[in-house]
Every structure is written in structure tokens, then in C-alpha cells.
Amino acid sequence: MQVKAFRDLSKSDCMSVQVYQPVHMCKKSPCMWHRYAAAITNADAGTGVLAASAFLGQSNTLGVCPLTTSRAENLYLCTNTGGSTADSPMQAGFHPLPLTAKVHPSKTMKLLTSFLLVLATVGHASAVLPPKLQEFTQSAIDSGLVLKTLNGIALAKTFSSFSGTCTPSNVKFRREWRSISRNSRKKFVEAVKCVQTKPSVLPPSEVPGAKSVYDDLVWAHIRKAGLVHNSGTFLLFHRYYLYAYEQELAKCGWKSGVPYWNWGLDINGPHLSPVFDGSDASLGSDGIFIPNQPDRVIHFTPTLSVVIPPGTGGGCVASGPFSDFTIRLGIFSNLTGMPVEPVDGRGDNPRCLERDLNGNPLRRWSSFRNTTEVILSHDNIWDFQTHIEGDPRFMDSQLELMGPHGGGHAGIGGVAGNPIISPYDPAFWLTHSQLDRIYWIWQMLDLENRSNVAGTSTWINLPPSPNITVEDTIDVLPHQPTRKLKELMNTVGGSPLCHVYV
Ligand SMILES: [Cu+2]
């Protein structure tokens, strides 16, 4: 079989699905074999090529082989029935393996009408165990290269999991903020503002402070706060919650996925990040700097606490989008725990959006090392969820308390640092998109064994509640109906979810 140069491949070349096996060491440097790679080019716009290939590593060393480019977006790996062999996978040490599951040509052609899918995980991939942390070098972990590779693996594996109404041609792509054009970012901000101005559908007598659809969504979080944090529903509730937001954004013109904020890129200071630079293509600036703020001490138990030094802001968002945003619901005083329904915080208390951007918690809990470790160190849902959330019942060191999720919240600080009303900060959704991305990557490494739940349905099991099952339900009322947890397990399951991360 002949193959073309990666860089010369076009849509029309990619007619079949193929799995390659490396038989020689990669010739290009720096380079180590890895088991899978995936790449994507403008698939969202319907103009490019989505290529996802699976690799079986010859050695135990896993890493990234950049081949002809360091940009994953330009990495094409697929076979064709003719053409040049220059710079081919064969030359690079990949040999085609026979297919165990063929994609029917006519079906492939259908996919080509929207964008091209080259998929190679079927069959062989399922026999490959998820990679292990020790298979990667520390520098590859710390630079984010491994997380990027894992995202590629997850993407490759996702494409054998589509079902129901979710297909490769209608799946929503959730992208990192920086990989969205400035123009599109502005459109995203417009859509958020649209959600913030659409009238609430909640009865005013019930929730007087809810004026907009955005308030409604915040309310859905407030009333569930005591049930969906440090509990068995944490990951799936927030996945569904993000979906609900995505649907409202779509009605306001944003048809793509909710962007995500890759924390690891901003550990040196989120105030320097394009997410928060205060331009009209950002989510607004840091809060106005308030000098001499005390350290924030979060007491988890009488003997376990975390101390976070003040960030670079502290006051109301100073400039850019959302500097004029009024938040309303939920002033919670004398907070001793999470509210359980029925809850307070229904009143109208107009105030500004406060932020206190802070690299300290991002460095401690949400770095590339933290997120990569949480994915690769746990093989069951209980361990994974308690570590990603830093469940205080089980974490016995400051290193583990908070977890990547808590670090992401504390990295924004202010309103986003409040576990009950955090969705009021538009950055909440980006940090939770990143959380769901990590969850999705972890699941996709072994979806069959990672489609279950563990734990109970109350915050640190207070008050005590029974263990949950996938038959239990969650809702984002009034905007999204009650769903069984099992319906939310697969992000491309189609009922209702249909998103991937690129
Ligand atoms: Cu939450």
C-alpha cells in the first residue's frame, strides 16, 4: 500500500481507515513513540480534515512524535490508494496493519461532506491499555505535551463512541480560548451577554433575584450546591450544567462548544492570560487591585486547612467585558456547609463581579503536572473524582486538598472562588469546560470501564445519603430536564450530549 507525505494529504486522499504500527525508532528528533495520536484541522468550520490515528508503541516509552510539525493541527496520518511515498508513515517507521473494522466507503463519503474523519482506533485500540504516568518523561508532563497527547488519544477513541443523534458532522468542538480567533471570541462574549439579558423564566415570586436566563442557570447551581460537590454526582452534574449553558449560548448565536481554559498555560499569572487581558476579546480583566488583603485560609477540617496568598486583584472586574455585569442571587453569610434544598439566596442583591486572579493555586493544584497526574494515576471513578476535586475526607496533604478543580476556581478568585455562586463569573464555564475535558480524557482512555459512578448524593456525605447508581437522576431546571446519570456518561452519546475537546 502506498502512502503520501503527511503534508500533501488532502481530503480526497483519505478514503480509508488504517492503524499503523511503528516498527523502527522514530528518526526525527526530539521524538518518542506513543500509542496514539490525533490531529484536527478546522473541522469545526467544516473545511478541514480530522485525522485520528492509533499507534501501538514498540517500546514502553510514550511521548510525542511531532513528525513533520510541532502543531498537532497539521499532523495528518492516513492512508491513500496512490501517490507519493515521500515523508510517509512507512519512512517514519509506521507500517500499516490490516483493518479489523472497516468503515464503509459510502459512509466515509458521507462524512466527507461535512469534514473528513480518518479514524483508526477501531479494533486495535481497545486492546491497548491506558498509558501510565511513568511511561512519560517529567519534562514532557510539565510542558503540557503529555496532556495534549492524551487529548489526542481521547479524541481518537471518541470517534468509535458516537451514538444516537450525535455524529461526527454535528459534534460540538470545545476549544482552548487561545485557539479561537479574536473575532470568534468577541462573538462568544456577545452570546454570553445575550444570555445575561434574556428574561428569566423562573416565577418572580419563587426567585425574586432571578432577572435573566443567566441568573436562572446560577440558581440551578445554588440549589444543587449541597448535592453536587464532593459527591458522586459532581462530574456528571457539571457536565450536564455546561451542556445547559451551551444550549442557551446556541440560542444566542454561539453554535460552537463552550471554550475551555487550559490552566497549565497560565500558572505564571492568569492576569497575563488572553482569557483575562481585559480586551474586548477576553472575559474581562482582573478585579481592581486591593492592597494588603489577608491570606485566604480555607478550613477543610479542624486540622486540615489551605492557605492561599492574595492574588493580583480583589475588587470588581476593572475593564473589558463584564466589568458592568451585575450579579444578584445568593449572598450566603455564616456559611457552615453547603446548602441543601430549600436554600436561601433567592433575593435580589445587585453587586459587581469580583475577581482576584492568582497564579499561586494554579501552580499548586492545576498545573500540567497536576492534571496529567490526575488522569494517569487513577483507574477507577472513585479515586479519580476524589482526587480531581481534592475531597477533604480522603486527602491528607495540602498537595492534594483542593485538587485541579479547586485550583482552577481559586486561580480566578473572587466570585469564582465561592463554591455556591461561582457560575456568576463567565470564566466559571471555561474552567469547568477544562474540568470536563480532563474527565473526558480520563474516561476515553478506557470508556468501557470508566462509565460508572461512585459515592453518595450529598456534600462529603452530609447529611448521610445512600450510594448513587447510574440510574439516579440530575437536572438543570428550569432549562434542562431531569436525566439519568447514565445518559451523561458518554460526551458523544447523543442523548443529549454531543461534544469533544480539541
Ligand atoms: Cu459547582
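About the thresholds
Residues numbered from 1 in each chain as written. Predicted model: local features only at pLDDT ≥ 70, side-chain atom pairs only at ≥ 80, totals over all residues. Helix = DSSP H or I, 4+ residues; strand = E, 2+ residues; numbered from the N terminus. Buried ≥ 20, exposed ≤ 12 C-beta atoms within 10 Å, placed from the backbone. Contact = placed C-beta atoms within 7 Å. UniProt positions renumbered as here; feature names shortened; annotations may be inferred. Core = buried A, V, L, I, M, F, W, Y, C linked by C-beta atoms within 7 Å. Axes fitted to C-alpha atoms, helices over the stretch in contact; angles between N-to-C directions. Parallel < 35°, antiparallel > 145°, perpendicular 65-115°, else oblique. Left-handed = near helix turned anticlockwise from the far one by under 90°. Nonpolar A, V, L, I, M, F, W, Y, C, P; charged D, E, K, R; others polar. Pairing = 2+ DSSP bridges.

Caption draft 1: Quick look at the overall build of the chain. Broken down by element type, the chain carries eleven helices and 15 strands. For the chain, buried positions account for 51% of its 502 residues. For the chain, contacts bridging at least 24 residues in sequence account for 76% of all contacts bridging at least 6.

Caption draft 2: Fine view of the UniProt feature "domain: Tyrosinase copper-binding" (unreviewed entry) in the chain. UniProt's entry tags residues 229–246 and 425–436 with the feature "domain: Tyrosinase copper-binding" (unreviewed entry), counted in the numbering of this structure. Counting secondary structure, residues 229–246 comes out at 72% helix and 0% strand; the distance between its end C-alpha atoms is 21 Å. With 83% helix and 0% strand, residues 425–436 has its two end C-alpha atoms placed 17 Å apart.

Caption draft 3: Region of the structure containing the environment of Arg175. Here Arg175 lies in the loop between strand E6 (172–174) and helix H4 (182–197). The residues touching Arg175, leaving out its near neighbours within four places in the chain, are Ile180, Gly257, Pro259 and Val502.

Caption draft 4: Layout of the environment of Asp446. Within the element layout of this structure, Asp446 appears in the loop between helix H11 (427–444) and strand E13 (473–476). The class of Asp446 is partly exposed, set by 15 C-beta atoms lying within 10 Å. Sequence-wise, Asp446 and Lys157 are 289 residues apart; in three dimensions their C-alpha atoms are separated by 8.9 Å.

Caption draft 5: Expanded view of the nonpolar core. If you look at the biggest cluster of nonpolar residues, it comprises 100 residues, and the most contacted ones within it are Tyr240 and Ile441. Tyr240 has contacts with Ile474, Val476, Gln480, Arg483 and Leu488, leaving out every residue within four places of it along the chain. Membership of the second largest hydrophobic core comes to six residues, among which are Ile308, Trp365, Leu401 and Met402.

Caption draft 6: Structural context of the packing of helix H10 (residues 403–412) against H11. Relative to each other, H10 and H11 sit at 160°, their axes nearing to 10 Å. By the angle class used here, H10 and H11 are roughly antiparallel. For the element pair H10 and H11, the recorded crossing hand is right-handed. When H10 is examined against H11, the residues Pro404, His405, Gly408, His409 and Ile412 are found in contact with a partner set consisting of Ala427, Thr431, Gln434, Leu435 and Ile438. Classifying every residue of the contact of H10 with H11 by side-chain character gives five nonpolar, five polar and no charged.

Caption draft 7: How the structure looks around the packing of helix H3 (residues 145–158) against H11. Where H3 meets H11, the axes come as close as 8 Å, and the angle between the chain directions of the two elements is 65°. The handedness of the crossing between H3 and H11 is left-handed. Here Leu150, Asn151, Ala154, Lys157 and Thr158 of H3 lie close against H11, whose contacting residues are Trp440, Ile441 and Met444. Residues that form the contact of H3 with H11 fall into these classes: five nonpolar, two polar and one charged.

Caption draft 8: Expanded view of the pairing of strand E9 (residues 305–308). Burial of the side chains of E9 is restricted to one face: Val306 and Ile308 are buried, whereas none of Ser305 and Val307 on the reverse face is. As defined by bridge partners, strand E8 (residues 296–299) adjoins E9 across four bridges and the pair is classed as antiparallel. Directly across from His299, in E9, lies its bridge partner Ser305. Two successive antiparallel strands, E8 and E9, enclose a turn made up of five residues.

Caption draft 9: Main features of the environment of Ala454. Its place among the elements puts Ala454 in the loop between H11 and E13. You can call Ala454 partly exposed: it has 15 C-beta atoms within 10 Å. Along the backbone, Ala454 and Ser231 are 223 residues apart, and their C-alpha atoms lie at a distance of 8.3 Å. Setting aside chain neighbours within four positions, we find Ala454 in contact with Gly232, Ile381, Trp382 and Gln385.

Caption draft 10: Summary view of the pairing of strand E14 (residues 480–484). The pairing of E13 with E14 spans three bridges and is classified as antiparallel. Looking across to E14, one finds that Ile474 is bridged to Arg483. Between E13 and the antiparallel strand that follows it, E14, lie three residues.

Caption draft 11: Spotlight on H10. Summarising burial for H10: ten of the ten residues are buried, a large majority. When H10 is considered as a whole, its buried residues turn out to be Gly403, Pro404, His405, Gly406, Gly407, Gly408, His409, Ala410, Gly411 and Ile412. On the buried face of H10, the contacting elements are E9, helix H7 (359–365), helix H8 (368–376), helix H9 (381–388) and H11. Directly beyond the C-terminal end of H10, a positive phi value near 65° is found at Gly413.

Caption draft 12: Highlighting H9. Among the eight residues that make up H9, six are buried, leaving the element largely enclosed by the rest of the structure. Each element contacted by the buried residues of H9 is listed here: helix H6 (234–251), H8, H10 and H11. Two residues or fewer past H9, Gly390 is found with a positive phi of approximately 60°.

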